[in-house]
Every structure is written in C-alpha cells, then in structure tokens.
Amino acid sequence: METVNFLFLLISLLCIESEGVGSQNEHNHKVESEENRMASANARGSVDNCSSHNAILGSKIGYNVVSYSAIYELPGNGVYFGAGGRFDIYGYQNLTADVIVSTAVWISGVNDANLEVIQAGWHVNQALYGDSGTRFFTRWTADGYVRTGCYNTLCEGFVKVANAPLSPGQVLPISTPDEHHDLRIWIEKDHTEDWWLYASTESTGSGQIGYWPKSLFTRLAQNATDINFGGLVQAIEGSPSPPMGSGHFPNEGSAAYFANVEYVDQFGRKIAGILPSVVTNKNCYDVGDMKDAQFSYGGPGGCLRR
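Quick caveat, the model's predicted, so the values are computed rather than measured. (Residues numbered from 1 in each chain as written. Predicted model: local features only at pLDDT ≥ 70, side-chain atom pairs only at ≥ 80, totals over all residues. Heavy atoms only, no water.)

### Some remarks on the overall build of the chain
Item 1. Looking only at helices and strands, the chain features 3 helices and 17 strands.
Item 2. The buried share among the 306 residues of the chain stands at 59%.
Item 3. A separation of at least 24 residues holds for 70% of the contacts in the chain among residues at least 6 apart in sequence. (Helix = DSSP H or I, 4+ residues; strand = E, 2+ residues; numbered from the N terminus. Buried < 20%, exposed > 50% of the residue type's maximum accessible area, 1.4 Å probe, protein only. Contact = heavy atoms within 4.5 Å.)

What follows is the structure, given as structure tokens:
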C-alpha cells in the first residue's frame, strides 16, 4: 500500500542540506488529496529532482535522483512517542559519490501541508563526507527539507551531549564474514518533551547522544504521526542503484537484519508488532517477513528504474 509516510520517506533523503527538494514530473499514480497537498515527490514510478546547489549527490548537481526503499512502516496519522531497533552495519568501500546507502529509523510528524522528520542510523554518503566510510548519522527538518534542517550538527538544531558514546558523522566498524557489528538506535520524546536519541555499538557502549529540541517543531512538538524502519538507497537516474544492507536478498543466509523493532504508542507502551512493508523494486531489493520484531532486508541493487 502506498501511504503518505512512504512518500515522505522518499523525500527525506533527497537533498544534502535544507533546500532544493522538489519534483518536475507529473503524478503517475492516483494519490489522496492530502498527498497532493503535502508531497513534493511523486508516487512510485517517479523520479525526484534536487535542482538547487544543495543537491545531494555532489558533482551530479541538477541530475534526477531515484530512491529505492525496503521498509516496514507504522500506519500513518497515528500517535507515537518513540521508536527504535538494532541493525547490523555494512560498508561499501567502492561506492562513488553518485550513490547513497542508508539504514535508519525515521520518525515523522505530518501537519496540514508540512512535513517534520527526525532520523538516525548509518549511511555511506561520499558526497557529504568525501569518502565511502560507513558513518553514524542524524538528520532533521521542520519544513519538508525546504529551508530547515541538516545532517548531524552541520546547522543549529540537534544538540549533542557531552561524553556521548557516539558522535554524528563518526565512522563505524562494519560487519565482515568473521566479525559482526550492530548499531542500536532508540528515539523517544521524554518528560522534557524533547526528542532524545540513544545509540550504541558493541565497542562504544550505550548512552544518550543528544536531542532535537521541541522548539524546532510544530507537529513533532506534540507527537509523531508516522514511523519507518529499514533501508533506503539512492542513485542518479539511469545509473545502476547501489546495494542495500549486506547486498543480499532476505531469503539469502547472509542478508542484513533489523531486530528489536519497537515503538511507543499513545499510551506510553512499548509495542513490538507486525507492520506493513513497502518495497520500491523487488527485482533489486526486498524485505522478509517480520517475526518476533525482526526482519531481514536488502538486495544487490542494479536497478535502472523504479
């Protein structure tokens, strides 16, 4: 099912900084009136264009960017106060600056014609860092990536605490056939009403990383309405899409996994449940069934279109 929050997920990684999110294609699918008002990206089958100087893929400024996702999502228009999970970390040393690979938790707030998002996970983003290392990252926006928000601490917004076990932008250890590495993410709106981020790896230990102040937002100042878990990759239109996760399909023994999938409902309860899944192109990526709050995901990539 195509839902509002799926469209927002596709929007959420389009531009490196705050401007230039948009689409110059007509809608190819029937969408609800709310989607027409709020989404600047098209439904499945479209491509998204970051045409400003903040285009996400470095030297490919102005090129169309195609996004592919393999996610589980909570139903839109809900009332949520937190979410998180644990997922293994992978690296792709030969990725170029015209692709991005990411695995994350996305927490969104939808309010009339506005989209607010906070997210955290790992990604490979040579256009941002100048190398193809796998890094812990955070990101936020209060207006659909039009004028507000950024990655990590590249602008005012996310407040990192002293002595945090991880820093946004920090290089992470990656899993190999002989050694496994996980990243655990938990984001929750606590009694301060700010959104706090907790994260850990085996080597760093766990703890508070920082928070997104309530004052940044309007809808998220109250609660989240949409939550997504899983992988998202991007490529320049016409170029092969990159691998996702470990680069293997869920039915292969070495597929990436996302475990301990939980969210906080409107009553403050932590819920681990079966959620709907969304996959952009099953020729290149997929998700496995969710069992015991865990699912596998990913694929080798190689798609030229959605």
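### A short note on the side chain of N125
Item 1. Here N125 lies in the loop between β5 (114–124) and α3 (126–129).
Item 2. Classification of N125 by relative accessible area gives buried; the value is 0%.
Item 3. In this view, N125 contacts I100, D131 and Y151; residues no more than four positions away in its chain are not counted.

### Brief notes about the pattern of salt bridges
Item 1. Summed over all chains, the structure comprises 4 salt bridges.
Item 2. With a shortest N-O distance of 2.6 Å, D131 and R135 are connected by a salt bridge.
Item 3. Take R135: its relative accessible area is 13%, and that puts it in the buried class. (Salt bridge = Lys/Arg side-chain N within 4 Å of Asp/Glu carboxyl O.)

### So, the state of the cysteines
Item 1. Taken as a whole and assessed by the stated rule, the structure comprises 2 disulfides.
Item 2. Disulfide partner of C150: C155, at an S-S distance of 2.2 Å. In this structure, the disulfide formed by C150 and C155 twists by about -90 degrees around the S-S bond and is classed as left-handed.
Item 3. Of the residues examined, C155 reaches a relative accessible area of 27% and is grouped as partly exposed. (Disulfide = S-S within 2.5 Å.)

### Points about the environment of N152
Item 1. Along the chain, N152 falls in the loop between β7 (150–151) and β8 (159–160).
Item 2. You can call N152 buried: its relative accessible area is 6%.
Item 3. Along the backbone, N152 and T138 are 14 residues apart, and their C-alpha atoms lie at a distance of 4.8 Å.
Item 4. Leaving out residues up to four positions away in the same chain, N152 has contacts with Y129, F136, F137, T138, F158, P168 and G169.
Item 5. Within the structure, the side chain of N152 is placed 3.0 Å from the side chain of Y129, a separation counted as a polar contact. (Polar contact = N/O pair within 3.5 Å; in protein donor to acceptor, adjacent residues only side chain to side chain.)

### Some thoughts on the pairing of strand β13 (residues 256–264)
Item 1. Burial of β13 is extensive: 7 of the 9 residues sit out of reach of the surface.
Item 2. As paired elements, strand β3 (residues 82–88) and β13 share 5 bridges and run antiparallel to each other. Among the inter-strand pairings, G82 is bridged to a residue of β13, identified as V264.
Item 3. Alignment of β13 against strand β17 (residues 295–298), held across 3 bridges, turns out to be antiparallel. The residue of β17 that forms the bridge with A256 is Y297. (Pairing = 2+ DSSP bridges.)

### Overview of the confidence of the model for the chain
Item 1. Summarising the model, the chain shows a mean pLDDT of 82, and 80% of its residues fall at 70 or more.
Item 2. Low pLDDT (under 50) marks residues 1–61, which in the prediction has 174 contacts with non-local residues, meaning those over four places away or in another chain. (pLDDT = per-residue confidence, 0-100.)

### Things to note about the environment of D194
Item 1. Here D194 lies in the loop between β9 (182–189) and β10 (195–201).
Item 2. The sequence separation of D194 and S215 amounts to 21 residues, and the corresponding C-alpha distance is 8.1 Å.
Item 3. In this structure, D194 is in contact with E188, K189, Y211, W212, P213 and K214, ignoring residues within four places of it in sequence.
Item 4. A distance of 2.7 Å separates a polar side-chain atom of D194 from the backbone nitrogen of K214.

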